[in-house]
Amino acid sequence: MPFTPSPNIAQLKESATIAVSARARALKAAGRQVIDLGAGEPDFDTPAFIRQAAQRAIEAGATRYTATEGILPLREAIAAHANAVYRGSDPVRPADIVVSTGSKQSLFNACFVLFGADDEVLVPTPGWTSYYEMVALAKAVPVPVFGARSRGLKVTAAELAAAATPRTRGVMLNSPCNPTGAVYSAEELRDILALAADRGWWVISDEIYLHIAYDAPATSVLSLVQDRERLIVINGVAKSYAMTGWRIGWAIAPRAVAAAMTALQSHTTSNPAAVSQHAAVAALTDTPAAQAAITEMVRQFKMRRDAAMTVLDAAGVQYVRPEGAFYLYINVGGDGAAFATRLLDSAGIAVVPGSAFLTPEWVRVSYAAPIEHVVEGVQRLVAAL
Ligand code: GLU
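Residues numbered from 1 in each chain as written. Predicted model: local features only at pLDDT ≥ 70, side-chain atom pairs only at ≥ 80, totals over all residues. Heavy atoms only, no water.

Novice: If you had to explain the overall build of the protein chain to someone new, which residues and values would you point to?
Specialist: Counting its regular elements, the protein chain contains 12 helices and 13 strands. Taking 385 residues into account, the globule formula puts the C-alpha radius of gyration at 21 Å, and the protein chain, at 20 Å, falls close to it. Looking at the protein chain as a whole, 56% of its 385 residues qualify as buried. Nonlocal contacts in the protein chain, meaning residues at least 24 apart in sequence, comprise 75% of its contacts between residues at least 6 apart. With an accessible surface of roughly 16,300 Å², the protein chain has 56% of that area assigned to carbon and sulfur atoms. Looking at charge distribution, the protein chain has the averaged site of its 33 positive side-chain charges lying 2 Å from that of its 34 negative ones. (Helix = DSSP H or I, 4+ residues; strand = E, 2+ residues; numbered from the N terminus. Rg over C-alpha atoms; globule rule 2.2 N^0.38 Å. Buried < 20%, exposed > 50% of the residue type's maximum accessible area, 1.4 Å probe, protein only. Contact = heavy atoms within 4.5 Å. Areas by Shrake-Rupley, 256 points an atom, 1.4 Å probe, with all protein chains shown as cover. Lys, Arg positive; Asp, Glu negative; His and termini not counted. Charge placed at Lys NZ, Arg CZ, Asp CG, Glu CD.)

Novice: Go over helix H3 (residues 72–83), please, and point to the residues and values.
Specialist: The terminal C-alpha atoms of H3 lie 16 Å apart, and with 12 residues this matches the ideal 16 Å at 1.5 Å per residue to within 8%. Listed as buried for H3 are Leu74, Arg75, Ala77, Ile78, Ala79 and Ala82. (Expected span 1.5 Å × (residues − 1).)

Novice: A description of unusual backbone geometry should follow, citing residues and the corresponding values.
Specialist: For the bond from Thr125 to Pro126, the omega torsion is 10 degrees, close enough to zero to count as cis. Summarising the element assignment, Pro126 is placed in the loop between strand E3 (120–125) and helix H5 (129–137). Look at the link from Ser175 to Pro176: it is a cis peptide, with omega at -10 degrees. By the secondary structure assignment, Pro176 is in the loop between strand E5 (168–174) and helix H7 (186–199). Here the phi dihedral of Ser270 falls at roughly 55 degrees; this positive angle occurs in a residue that is not glycine.

Novice: Break down the side chain of Lys239 for me, citing the residues and quoting the values.
Specialist: Position of Lys239 among the secondary structure elements: in the loop between strand E7 (231–236) and strand E8 (249–252). Buried charge Lys239 goes without a salt bridge, the closest partner of opposite sign being Glu41 at 7.7 Å. Separated by 2.7 Å, the side chain of Lys239 and the backbone oxygen of Gly40 make a polar contact. (Salt bridge = Lys/Arg side-chain N within 4 Å of Asp/Glu carboxyl O. Polar contact = N/O pair within 3.5 Å; in protein donor to acceptor, adjacent residues only side chain to side chain.)

Novice: So what's going on with the pattern of salt bridges? Residues and values would help.
Specialist: Counted by the stated rule, this structure contains 18 salt bridges. A salt bridge links Arg228 to Asp90, with the shortest nitrogen-to-oxygen separation between them at 3.7 Å. With Arg228 in the loop between strand E6 (202–206) and E7 and Asp90 in the loop between H3 and strand E2 (97–100), this residue pair connects regions lying 138 residues apart in the sequence. The exposure class assigned to Asp90 is partly exposed, which follows from its relative accessible area of 28%. A salt bridge links Glu188 to Lys154; its shortest N-O distance comes to 3.0 Å. Taken together, the positions of Glu188 in helix H7 and Lys154 in the loop between strand E4 (141–146) and helix H6 (157–163) put the pair 34 residues apart, joining distant regions of the chain. Each of Asp215, Lys302, Arg305, Asp306 and Arg321 takes part in a single network of salt bridges with overlapping partners.

Novice: Before we move on, can you summarise helix H9 (residues 274–285) with the specific residues and values?
Specialist: At 3.6 residues per turn, the α-helix brings residues three or four places apart onto the same side. Between its terminal C-alpha atoms H9 stretches 17 Å, which fits the 16 Å expected from 12 residues at 1.5 Å a residue. Among the 12 residues in H9, 9 count as buried, and that is most of the element. Within the sequence span of H9, burial applies to Ala274, Ser276, Gln277, Ala279, Ala280, Val281, Ala282, Ala283 and Leu284. Contacts from the buried residues of H9 go to helix H2 (48–59), H3, E8 and helix H10 (287–315).

Novice: Break down the pairing of E4 for me, citing the residues and quoting the values.
Specialist: Bridge analysis of E3 against E4 gives 6 bridges, and the strand direction is parallel. For Val121, the partnering residue across the bridge sits in E4 and is Pro142. Following the backbone out of E3, through H5 and into the adjacent parallel E4, one traces a crossover that is right-handed. (Pairing = 2+ DSSP bridges. Right-handed = clockwise from strand over helix to strand, strands pointing away.)

Novice: Give me the sheet that holds E7: which residues, what numbers.
Specialist: Where strands meet in a sheet, backbone hydrogen bonds hold them as pairs that are either parallel or antiparallel. With mixed pairing, the 7 strands of this open sheet are ordered in space as E2-E8-E7-E6-E5-E3-E4. Strands with a single pairing partner mark the edges of an open sheet, and in this sheet they are E2 and E4. This sheet shows a mean twist of 20 degrees between the axes of neighbouring strands, independent of strand direction. Looking at chain direction, E5 and E6 are connected through 5 bridges and run parallel. Paired with Val171 across the two strands is Val203, which belongs to E6. (Axes fitted to C-alpha atoms, helices over the stretch in contact; angles between N-to-C directions.)

Novice: Now, about the sheet that holds strand E13 (residues 362–366): what can you tell me, with residues and values included?
Specialist: Taken in spatial order, the 4 strands of this open sheet run E9-E10-E13-E12, and their pairing is antiparallel. At either end of the open sheet lies a strand with only one pairing partner, and these are strand E9 (319–320) and strand E12 (352–353). Where E9 meets strand E10 (residues 327–331), 2 bridges bridge the pair, whose relative direction is antiparallel. The residue bridging Val320 from the neighbouring strand is Tyr329, located in E10. Of the strands in this sheet, E9 and E10 are in contact with H10, which crosses E10 at around 10 degrees.

Novice: Describe the site of the ligand, naming the residues involved and giving the relevant values.
Specialist: Thr17, Ile18, Gly40, Lys104, Trp128, Asn178, Tyr209, Lys239, Tyr327 and Arg364 make up every residue found near the ligand. The side chain of Lys104 places a nitrogen or oxygen atom 2.7 Å from an oxygen atom of the ligand. Its residues assigned to classes, the shell around the ligand shows 4 nonpolar, 3 polar and 3 charged. (Near = heavy atom within 4 Å. Nonpolar A, V, L, I, M, F, W, Y, C, P; charged D, E, K, R; others polar.)

Here is the structure:
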């Protein structure tokens, strides 16, 4: 009997960001020369002080289950980072934090416990591909709200208000933004937070690229609010500390929401890997070493960004000027998916088609790759255009 997918996943599409990297890897394994500018993954090794902390933790016995929500020292470290910017009346406590197997799981758990059948969730678009799927897996309706080109494809509070209906329950924020690299200013975020508070919406703020900003520091919504009653902040160690494979992300949420997310996780994956949690403690508490590592990685990302922009500017290509994250979002003036396929097949450059982010005339280039690959990749892309 053929497999008939359950209605739970009838609409589900495979993650395009993951699929592009898998295809690039497969082509490389088959002997093709491929420059992978698809993967949204730092190409740096995890800093040595973090790897060493993990080795010590294994030898000290970090090989068993932990609390579902994560070990206390990690949740204390996350709370300390949050309270360094949050000045509200209810400081973040470890009980407000759930550590998961990557920020992706935290985002999914948040959507699943907050939203349900027919709820609408506003997703500033282009937005990361998995937001739409996660909201839909919670049986809610993702409502794309398109940002204007003149504002780096960012959305305004007025645009969100115009897209809202009586069924709107939440809004998904992501600054610095994947796929555009756009960074929302404190004022832009304040306007959106004020609208959400006024309407009683949940705000999920995905801040995974917060520390990767070039022209000015990016703003955490935690620094802008006085209470966290309807706010879930998502972060993790993957991008800032080059720890993608360790799979550690977290949610900072109102206590009851955190408890619900823990209950959900207790039936699905339980705790994230014990040794990875100890590695994350080192990342968050050895501040001088972490700061030095982040500063160096951001310096290299910035050099790559600037080199890529020089090539694009010289060719007059249209793109969003990235102020954070490590992506360039390029307008190809036609079918981005066909362009991405052609670019991979004929020029050996892997990029992610903009259709994954609901904006099909664009492609996403990741510059989390050696600078010579970035420059050559962007040159070939320009030639293909
Ligand atoms: N978030 C990264 C990206 O957009 C990693 C892959 C994924 O999980 O989607 O490429």
